[in-house]
Amino acid sequence: MNLEGLNPEQKQAVTQVDGPLLVLAGAGSGKTRVLTHRIAYLIEEKDICPWNILALTFTNKAAREMRERVDGLVLRGADAVWIFTFHGFCARLLSREGGHLGFEKALTIFDDADTQSLIGRIIRDLELNDRVYTKRMLAGIFSDAKNNALSPAAYLQETGQPRQVLDAFALYQKRLRQCNAADFDDLLHLTLKLFAENPEVLAAYQEKFQYILVDEYQDTNLIQYRILELLAQRHRNLFVVGDDDQSIYGWRGADIRNILEFEKDFPGAGVIRLERNYRSTAAILKAANAVIENNTGRKGKTLRAHKGGGKPVSVHEAEDERAEAIYICNQIANAVRAGARYDAFAILYRTHVQSRILEMYLQGYSIPYRVYGGISFFARAEVKDVLAYLRLIYNSSDNEAFLRIVNVPKRAIGPAAIAALTASAERRDLPLLAAAMEPDDLPPAFAAKFKKFTALLEEAFVGFATRKLSDFTSELLLAIGYDAYLREYESERYESRTETVQELIGYMQEFEQNYEEGDPAVLQDFLTNVALFSNTDQMDEKQGVVSLMTLHAAKGLEFSRLFLCGLEDGLFPSERSRYDRDKLEEERRLCYVGFTRAMDELTLTYARRRMMYGRISDCMPSMFLKEARFQIPDSRFQTPIPFNGTSRAPSPTYTAAGASPRPTPPVVRETDFTVGEKVRHKVFGLGQVISLDGSGTTRLVQIRFSDGQIKKFAAAYAPIDRVES
DNA sequence: ACACTGTGAGTTTTT
DNA sequence: CTCACAGTGT
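Residues numbered from 1 in each chain as written. Chains lettered and ligands numbered in written order. Predicted model: local features only at pLDDT ≥ 70, side-chain atom pairs only at ≥ 80, totals over all residues. Heavy atoms only, no water.

**Some thoughts on a negative patch on the surface**
Condition: Exposure above 30% relative accessible area and no salt bridge define the residues that can form patches, which grow by joining like charges within 9 Å and nonpolar side chains of Val, Leu, Ile, Met, Phe, Trp and Tyr within 5 Å. All accessibility values rest on the Shrake-Rupley procedure with a 1.4 Å probe; residue burial counts only the protein chains present in the view. One speaks of a salt bridge when a side-chain nitrogen belonging to Lys or Arg is within 4 Å of a carboxyl oxygen belonging to Asp or Glu. Under the convention used here, Asp and Glu are negative, Lys and Arg are positive, and both His and the chain ends fall outside the count. Taken as the charge centre is NZ of Lys, CZ of Arg, CG of Asp or CD of Glu, depending on the residue. Working definition: helices are DSSP H or I runs of at least four residues, strands are E runs of at least two. Numbering for both runs from the N terminus. Working definition: with a 1.4 Å probe on protein chains only, accessible area under 20% of the residue-type maximum means buried, over 50% means exposed, and in between means partly exposed.
A contiguous patch of negative charge, built from Glu65, Glu68, Asp71 and Asp79, is present on the exposed surface. By the secondary structure assignment, Asp71 is in helix α3 (residues 60-73). Note on Asp71: relative accessible area 48%, which makes it partly exposed.

**Here's the deal with the packing of helix α17 (residues 381-394) against helix α22 (residues 469-480)**
Defined as follows: Axis angles are defined between N-to-C directions and span 0 to 180 degrees, where every axis is a line fitted to C-alpha atoms and, for a helix, only to the segment in contact. Throughout this description, any angle smaller than 35 degrees is read as roughly parallel, any larger than 145 degrees as roughly antiparallel, any in the 65 to 115 degree range as roughly perpendicular, and the remainder as oblique. Every residue pair with non-hydrogen atoms within 4.5 Å of one another is taken to be in contact. Gly counts as polar in this scheme, as do all residues outside two lists: the nonpolar Ala, Val, Leu, Ile, Met, Phe, Trp, Tyr, Cys and Pro, and the charged Asp, Glu, Lys and Arg.
Direction vectors running N to C along α17 and α22 enclose 110°, while the axes themselves pass 11 Å from each other. Comparing their axes, α22 and α17 come out roughly perpendicular. Seen from α17, the contacting residues are Val386, Tyr389, Leu390 and Ile393; seen from α22, they are Leu469, Phe472, Thr473, Leu476, Leu477 and Ile480. In the contact of α17 with α22, the residues fall into nine nonpolar, one polar and no charged.

**A few points about the environment of Asp519**
Relative to the helices and strands, Asp519 is located in the loop between α24 (494-512) and α25 (521-531). Take Asp519: its relative accessible area is 27%, and that puts it in the partly exposed class. When the C-alpha atoms of Asp519 and Thr302 are compared, they prove to be 52 Å apart, with 217 residues separating the residues in sequence.

**Quick notes on unusual backbone geometry**
In this structure, Pro409 follows Val408 across a cis peptide bond, with omega equal to -5°. Following the sequence through the fold, Pro409 ends up in the loop between α18 (399-405) and α19 (415-428). For the bond running from Phe572 to Pro573, omega is 5°, close enough to zero to count as cis. For Pro573, the location among the structural elements is in the loop between β15 (559-564) and α27 (581-595). Residues other than glycine seldom take positive phi values, yet Asp47 does so here, at roughly 55°. Mapped onto the elements, Asp47 comes out in the loop between α2 (31-44) and β2 (53-57).

**Quick notes on the environment of Gly102**
With respect to the element layout, Gly102 can be found in the loop between α4 (86-97) and β4 (108-110). Spatially, the C-alpha atoms of Gly102 and Gly374 are 37 Å apart, while their sequence positions differ by 272 residues.

**Quick notes on helix α1 (residues 8-15)**
To be explicit about the condition: Summarising the geometry, the arc corresponds to the directions from the helix axis toward the C-beta atoms. Here a polar contact is taken to be a pair of N or O atoms separated by no more than 3.5 Å, where protein atoms must pair a possible hydrogen donor with a possible acceptor and residues adjacent in sequence count only if both atoms sit in side chains.
Gln10, Ala13 and Val14 are the residues of α1 that are buried. Around the axis of α1, the buried residues are gathered within 100° of arc, so they sit on the same side. In this fold, the buried residues of α1 make contact with β1 (21-25), α2, β7 (238-242) and β8 (270-274). Put simply, Asn7 is the residue that caps the front of α1, since its side-chain oxygen is 3.0 Å from the backbone nitrogen of Glu9.

**Concerning the packing of aromatic side chains**
Let me state the cut-off plainly: Each pair of aromatic rings taken from Phe, Tyr and Trp, with Trp reduced to its six-membered ring, is defined by centres within 6.5 Å and is described as stacked if the planes are under 30 degrees apart, edge-to-face if over 60, and tilted in the remaining cases. Lysine and arginine charges are scored as sitting over a ring when NZ or CZ, respectively, is within 6 Å of the ring centre and within 35 degrees of the ring normal.
Tallying each qualifying case throughout the model produces 26 aromatic pairs. Between Phe464 and Phe472 the ring centres are 5.1 Å apart and the planes differ by 70°, which places this aromatic pair in the edge-to-face class. Three or more aromatic residues link up through ring pairs in this structure, and these residues are Phe377, Phe378, Tyr507, Phe511, Tyr515, Phe526 and Phe533. One Lys or Arg, Lys105, reaches over the ring of Tyr394 and ends 4.4 Å from the middle of that ring. Over the ring of Tyr225 we find Arg257; its NZ or CZ atom is 5.7 Å from the centre of that ring.

**Details of the pattern of salt bridges**
Applying the stated criterion across every chain yields a total of 47 salt bridges. Taken together, the shared-partner salt bridges connect Lys31, Asp215, Glu216, Asp219 and Lys555 into one network.

**With respect to the pairing of β7**
Looking down a regular strand, the side chains alternate between one sheet face and the other. Applied cut-off: For two strands to be treated as a pair, DSSP must find no fewer than two bridges joining them. When the strands point away from the viewer and the connection leading from the first strand across the helix to the second strand turns clockwise, the crossover is called right-handed.
In terms of burial, β7 is a largely internal element, five of the five residues being buried. In β7, alternate side chains face the same way, and those of Leu238, Val240 and Gly242 on one face and Phe239 and Val241 on the other are all buried. Relative to β7, β1 runs parallel, the two sharing four bridges. Paired with Leu22 across the strands is Val240, a residue of β7. In terms of strand pairing, strand β6 (residues 211-214) meets β7 through three bridges, oriented parallel. The residue bridging Ile212 from the neighbouring strand is Leu238, located in β7. For the segment spanning β6, helix α11 (residues 222-232) and β7, crossover handedness is right-handed.

**What about the packing of α2 against α3?**
Put simply, the rule reads: By convention, the crossing between two helices is left-handed when the near helix turns anticlockwise from the far helix through less than a right angle, and right-handed when the turn is clockwise.
Packing of α2 against α3 leaves a shortest axis separation of 9 Å and a crossing angle of 50°. With respect to their mutual orientation, α2 and α3 come out oblique. Between α2 and α3 lies a crossing of right-handed hand. Within the contact between the two elements, α2 uses Thr32, Arg33, Leu35, Thr36, His37, Ile39 and Ala40 and α3 uses Met66, Arg69, Val70 and Leu73. The residue makeup of the contact of α2 with α3, split by class, is six nonpolar, three polar and two charged.

**A word on the sheet that holds β6**
As summarised here, the arrangement of the six strands in space is β3-β2-β6-β7-β1-β8, forming an open sheet in which the pairing is parallel. Both edges of this open sheet fall to β3 (82-85) and β8, since each of them pairs with a single strand only. Neighbour-to-neighbour, the strand axes of the sheet open up by a mean angle of 15°, direction not taken into account. Strand contacts of α3: β2 and β3, with the helix running at about 160° to β3, the strand carrying the most contacts.

**What about the nonpolar core?**
Here is the rule: What we call a nonpolar core is a set of buried Ala, Val, Leu, Ile, Met, Phe, Trp, Tyr and Cys residues that are connected through their side-chain atoms within 4.5 Å.
Counting residues in each nonpolar core, the largest one holds 57 residues, and the members touching the most others are Leu390, Phe402, Phe450, Tyr482 and Phe526. For this core, the element with the most residues is α17, which contributes nine residues. Ranked by size, the runner-up nonpolar core spans 45 residues in total, among them Ala91, Leu93, Phe103 and Leu107.

**Notes on the side chain of Asn221**
Following the sequence through the fold, Asn221 ends up in the loop between β6 and α11. Judged by its relative accessible area of 6%, Asn221 is buried. Looking at Asn221, its side chain comes within polar contact range of the main-chain nitrogen of Ile223, at 3.0 Å. In contact with Asn221, other than residues within four places in its own chain, are Asn147, Leu188, Gly253, Ala254, Asp255 and Asn258.

This is how it looks when you write it as structure tokens:
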């Protein structure tokens, strides 16, 4: 096998295949090259069976790339190597071995939106104070708990969480189980549990994976570490690549300790440093090195430039964020006039909100751009709607999916009906769909609605087994009248929504090509694939446009000419990290990541004043500028390119479903009831008026229903009719 | 049932 | 400022 193109350190990292090995790979030092060559080397030179090799990454994109590149290096077998994201690997394992944990079939994976809505209902059901206990906060705590190797409940107890949090967590877990579902953290947590409780299962995989390779090791969390530790125990061939200086996901549970203590955790481990940088100019690396040197507790590593000196890194001070945007636009427009391509440029920022003003001016200057991040394709309302129907077919216990589509398209099934159904399901210990199919214990009006709904589903689900998934889905949408729904309630966005649905069907068609027709695994695999798909996975570089993204999203990418904007104290580093050393160091690593994305030119900008939260605040330059040893210059003026002034603030492309339903005029009804009169409520059935209050449209009517329930309604709006006796 | 209003909060988000 | 969401009024 040809290893000619590798430098000595890379070559060693590729060929030293036995025992634990840590490769500290600086930015732009060719780590993907090392990983892929090592896999190829194992197959071609060491005669290792591809299926005895496991390679783990964090993103689908990285996994895909790795497989493609390995495929280009070996004669055969690239598709047999186990190349997965951590979560994808765990999902696969659980789907194969979940029986040992008592799962009858593969779990449905809940994404963040599912999780959030589940937690929202828990807050309501437990009557928690939603000022104190927000969805976001609870989701964070639950995630933290699961990413700790202790049992989550024990961890919560230990960290002194109040009873409300413990209760909420218990209920959260209970409901996930009821739905036969797992959240992202569960995938990891349950895998560890599987291994811990089933030594024979563990032993089989320990035996299988003779060689394990891990990308971005600095981003692993404690659970991932434990899984690796177990898997590598037998053969001890654990190869990890990472860069402690690029650890920027600590706030999401990544434990930098894993990489810092690798040699202690795996005695006898070798360490190789890749410090030759093939990406950036010396000038850029000098600034990057100068910044990162201010961190403590590093493995220690200094990037050496392979390229020549390059243009000095420049700093620009702008009056405010608009002037900053104008400056950047001018720079780009001038460079393009001088022959540069738009796609040579990228603009990075600390927070998404900063993109708004940049977009506005880019539009004004007619500079084509694309913002990365934001709402993922699979998070769009219409996509989630369609997927919810499919999820319900695959897993009829998926209450989250049920709740999403029970009234989409609109079927006049409102909160009251859903509350009644939920209560009934709880009583009978049934999933919502099953309860809806036998709604006899519900008020007749509700029962009728649910019967109609489930009959429709049953009809729409016919033929699932005999058709291609894409064809089936098209017919399903027709059967439920989804298109008509979009036309009626999303009329302004109808075009874009139907386009998205078509795109989804197209994606499905592509997906099912990898399967024999009629293979029943398609749906499960499709749903897993979709759940584990993220917005960064579609980050195929768009040609001919400027890229905008957060610093986090930029990790792993490179751009010829880079702008890093908003280098102000309190914005970057962020206000919240300023007085916490660990957090500040993570911000500094983020800065380092940012600088090292630039290949040829790096421009740093900051504003003296910035509008934030509707307030104009004075800003100080970021401490990172000082650390990079810049003299802050006076603002310089460029020859301005006329601003054509036609821009307006970009409107968000997508909003949640039902965000803009067509207003329907309220139906004003008869308010002229008398006490004692018999009435029928559309939903609650027969009853008797027991009191009246107010007049006209504010008239309230109190009714005692036949089951003894007493309710109050706005007489003019409630669906109540007089019953002649 | 539905629309409107008022309030409060507001980084980063590989799966 | 600007979004999301719970509460309120018709």
